[in-house]
Amino acid sequence: HDPSRPVTLWRTHQHAGAFVREQFATFLKNYWRDLQQSQPKHIEILVEKNTVESIVTDVAMKYTIPVTSGRGYCSIPPRKAIAERLSQSGKDRLVLLVVSDFDPDGEMIAASFARSMRDDFGIEDIDVIKVALTNEQVRRFSLPPGGKAKPGSKNYSAFQKAYGDVVYELEALTPEQLQMLVTEAIESVVDRELALIKVKATPA
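**Topic: the overall build of the protein**
And then number 1: Looking only at helices and strands, one finds eight helices and four strands in the protein.
And then number 2: When the helices and strands of the protein are listed from N to C terminus, the series reads α-β-α-β-α-β-α-β-α-α-α-α.
And then number 3: Seen through its C-alpha atoms, the protein measures out along the principal axes to roughly 65 × 50 × 35 Å.
And then number 4: Looking at the protein as a whole, 35% of its 204 residues qualify as buried.
And then number 5: Across the protein, the fraction of contacts at a sequence separation of at least 24, relative to all contacts at a separation of at least 6, is 72%.
And then number 6: With an accessible surface of roughly 12,700 Å², the protein has 54% of that area assigned to carbon and sulfur atoms.
And then number 7: Here the protein carries 26 positive and 27 negative side-chain charges, and the mean point of each set is 3 Å from the other.

Okay, structure coming up:
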């Protein structure tokens, strides 16, 4: 991102007729009902890398759950945006589903994010769940290794002591496997009965 070289573009049309046709073609096509409004907790998904963001989003959209790609430990602005969405939801508790590699840094992202939400934004009530990738899932799906852990990582020693120095990347999972894991995680924290009650109580 280079803010020192701004570019301004205009969304133009050849004539008014083209604009009118476009508007009618998309009229009332972007409605999304807030499926979280009846839930007692606010749910968000954090993915470590952009390579799996679209795969996870395909599942999250069915529940209208926000997805943030942190690209590692995630900078302050995306964390602030999550805190603001929690505040706007009117709920007291945040559920964060984390999707990250099984390596020294990937294992620490969940704890680091929870610590930041507490220390930087005063959010004490937070449940952080590591959806993928876990040691159990590596064995369950017989995943191929993604190389060796980097000794330079500050989290290397703890990871190496617990799991060894072999690491595994999210991309080792098939899209179908990852989507299944995300779906299972979401279903484990969603109250379906409350969702159904809200749907029945809302006029069509």
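**Some points on the pattern of salt bridges**
And then number 1: With the rule as written, the count across this model stands at 11 salt bridges.
And then number 2: For Arg11, the salt bridge goes to Glu22, with nearest N and O atoms at 2.9 Å. With Arg11 in the segment before α1 (16-26) and Glu22 in helix α1, the pair connects residues that are 11 residues apart, well separated along the chain.
And then number 3: You can call Arg11 exposed: its relative accessible area is 64%.
And then number 4: Here Glu107 ties to Lys130 by a salt bridge, and the two come within 2.5 Å at their closest N and O atoms. With a gap of 23 residues between them, Glu107 in helix α4 (residues 104-121) and Lys130 in strand β4 (residues 126-132) connect regions that are remote in the sequence.
And then number 5: The class for Glu107 is partly exposed, based on a relative accessible area of 27%.

**Some remarks on a nonpolar patch on the surface**
And then number 1: A cluster of nonpolar side chains, contributed by Phe19, Val20 and Phe24, occupies part of the molecular surface with about 310 Å² of accessible area.
And then number 2: Residue position: Val20 is located in helix α1.
And then number 3: What makes Val20 partly exposed here is its relative accessible area of 39%.

**As for the side chain of Ser100**
And then number 1: Structurally, the position occupied by Ser100 is in the loop between β3 (94-99) and α4.
And then number 2: Judged by relative accessible area, which is 0%, Ser100 ranks as buried.
And then number 3: If we ignore the near neighbours within four places in the chain, the residues touching Ser100 are Glu48, Gly106, Ile109, Lys130, Ala132, Leu133 and Leu170.

**Observations regarding the sheet that holds strand β2 (residues 67-69)**
And then number 1: Overall, parallel pairing links the four strands, which are arranged β2-β1-β3-β4 in an open sheet. For this open sheet the edge positions go to β2 and β4, each flanked by a neighbour on one side alone. Within the sheet, the average angular offset between the axes of one strand and its neighbour, ignoring direction, is 25 degrees.
And then number 2: Pairing of β3 with β4 involves six bridges; the strand directions are parallel. Opposite Val98, over in β4, you have Lys130 as the bridge partner.
And then number 3: Seen against the sheet, helix α3 (residues 76-89) touches β1 (42-47), β2 and β3 and runs at an angle of roughly 165 degrees to β1.
And then number 4: Sheet strands touched by helix α7 (residues 175-189): β1, β3 and β4. Its angle to β4, the strand with the most contacts, is close to 155 degrees.

**Digging into the packing of aromatic side chains**
And then number 1: Overall, the coordinates contain four aromatic pairs when judged by the stated rule.
And then number 2: Both rings, one in Phe159 and one in Tyr163, keep their centres 5.2 Å apart while their planes meet at 50 degrees; by these two values the pair is tilted. A residue pair is termed a helical-turn pair when its members lie 3 or 4 positions apart in one helix, as Phe159 and Tyr163 do in helix α6 (residues 156-163) at four residues.
And then number 3: Through successive ring pairs, a cluster of aromatic residues spans Phe102, Phe159, Tyr163 and Tyr168.

**Re the packing of helix α2 (residues 53-60) against α7**
And then number 1: The contact between α2 and α7 brings their axes to 9 Å, and the two run at 45 degrees. Classed by the angle they form, the pair α2 and α7 counts as oblique. In this structure, α2 meets α7 at a crossing whose hand is right-handed. Note on element contacts: α7 touches α2 through Pro175, Leu178, Gln179, Val182, Thr183 and Ile186, opposite Ile55, Val56, Asp58 and Val59.

Cut-offs applied
Residues numbered from 1 in each chain as written. Predicted model: local features only at pLDDT ≥ 70, side-chain atom pairs only at ≥ 80, totals over all residues. Heavy atoms only, no water. Helix = DSSP H or I, 4+ residues; strand = E, 2+ residues; numbered from the N terminus. Buried < 20%, exposed > 50% of the residue type's maximum accessible area, 1.4 Å probe, protein only. Contact = heavy atoms within 4.5 Å. Areas by Shrake-Rupley, 256 points an atom, 1.4 Å probe, with all protein chains shown as cover. Lys, Arg positive; Asp, Glu negative; His and termini not counted. Charge placed at Lys NZ, Arg CZ, Asp CG, Glu CD. Salt bridge = Lys/Arg side-chain N within 4 Å of Asp/Glu carboxyl O. Patch = residues over 30% accessible without salt bridge, like charges linked within 9 Å, V, L, I, M, F, W, Y side chains within 5 Å. Pairing = 2+ DSSP bridges. Axes fitted to C-alpha atoms, helices over the stretch in contact; angles between N-to-C directions. Phe/Tyr/Trp six-rings, centres within 6.5 Å; stacked < 30°, edge-to-face > 60°. Parallel < 35°, antiparallel > 145°, perpendicular 65-115°, else oblique. Left-handed = near helix turned anticlockwise from the far one by under 90°.

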